[in-house]
Structure formats: structure tokens, C-alpha cells
Amino acid sequence: MWGWVIAVFVGVWLLQFLLTKIQMKNYQETLRKLSSRPSGYLGVGIQKQKLGIGAIAILVTDTEGIVVESQVMKGVTVFSRFQAFDQFNGLSITELKDQLEDDSLDIAFKMAIEKVEAQMEKKTNLAF
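Everything quoted here is computed from the prediction, not taken from an experiment.

(A) Spotlight on helix α1 (residues 2-34). An ideal rise of 1.5 Å per residue puts 48 Å on 33 residues; α1 measures up with 48 Å between its terminal C-alpha atoms. The secondary structure elements touched by the buried residues of α1 are β1 (41-47), β2 (54-61) and β3 (67-75).

Right, here's the structure in full:
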């Protein structure tokens, strides 16, 4: 009896490992695609929740700080994938900061904005 329990546990653990690896591959491919612009800045924000839905936001701006593209991943499972989020396209990062509130997605975008601003202060262009 215990042999089956252990076998099921190991099987579920291996399945989780495989699905997590697939999700990380999707994350890396999304970052690679968004960082392929000739100029601009890229920021990633992560909001983890102990209970509830977490969020990852990737924000791409041009050299002036205008949002060019963004993608989000929300969910509680490894089946979540990045989706285009066009709601903020065309806004400056200062305008965007004024619109954000305190839900998990907005907190992720705030973190992404902080990373973009840090890059802008250093005058470092991290887009390839």
C-alpha cells in the first residue's frame, strides 16, 4: 500500500517539475522577444501572494519612457501564460504610475516601473 502512495507522490512531483520547466521556458522566450527592440527599457515586476492570484508584469518603454508594449501573467497554476496587455500602451510611466492602485497586477506594474526608472537614471539601454 505505501509503495503506491510513494509512487503517486513521486509521479506528481515529477509532473510539477516538468510543468514548471515549461513555464520557465515560456517566461524566458517572452523576455527574449520583448528585449529584442533596438532601443528602450524593459522592466519586470512580480507580485507573489501567499493565498490568491499572483502576477508578473513585463513593461517595455522607449527611450523617452513611453510604454510601447506590456505583457502579464496572472494565475495560481503552472498553466498560466503571458498575454499581451495593451491598456497602458502610449502612456508615459509617470501617467501610468498615477493610474495604478493596490491590486496584485498594479503592484507588479509598479515594480516594473521602478526597474525601468532605475535603468533610465543609469542611462543604460538594456534592450538588445
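(B) Examining the side chain of T61 more closely. With respect to the secondary-structure elements, T61 resides in strand β2. When its relative accessible area of 0% is taken as the criterion, T61 is described as buried. When residues no more than four places from it in sequence are discounted, the contact partners of T61 are S39, G40, Y41, I66, V67, V68, I93 and V116.

(C) A look at the pairing of β1. The buried fraction of β1 is high, at six of seven residues. In this structure, β1 lies alongside β2, joined through seven bridges in antiparallel fashion. Looking at β2, one finds that Q47 is bridged to A55. In textbook terms, the turn of a hairpin is the stretch between consecutive antiparallel strands, and for β1 and β2 this stretch comprises six residues, one of which, G52, has a positive phi near 115°.

(D) A look at helix α3 (residues 104-122). An ideal rise of 1.5 Å per residue puts 27 Å on 19 residues; α3 measures up with 28 Å between its terminal C-alpha atoms. All buried positions along α3 are accounted for by S104, L105, D106, A108, F109, A112, I113, V116 and Q119. Packed against the buried residues of α3 are β1, β2, β3 and α2 (93-99). Just downstream of α3 lies K123, where phi reads positive at about 55°.

The rules behind each value
Residues numbered from 1 in each chain as written. Predicted model: local features only at pLDDT ≥ 70, side-chain atom pairs only at ≥ 80, totals over all residues. Heavy atoms only, no water. Helix = DSSP H or I, 4+ residues; strand = E, 2+ residues; numbered from the N terminus. Expected span 1.5 Å × (residues − 1). Contact = heavy atoms within 4.5 Å. Buried < 20%, exposed > 50% of the residue type's maximum accessible area, 1.4 Å probe, protein only. Pairing = 2+ DSSP bridges.

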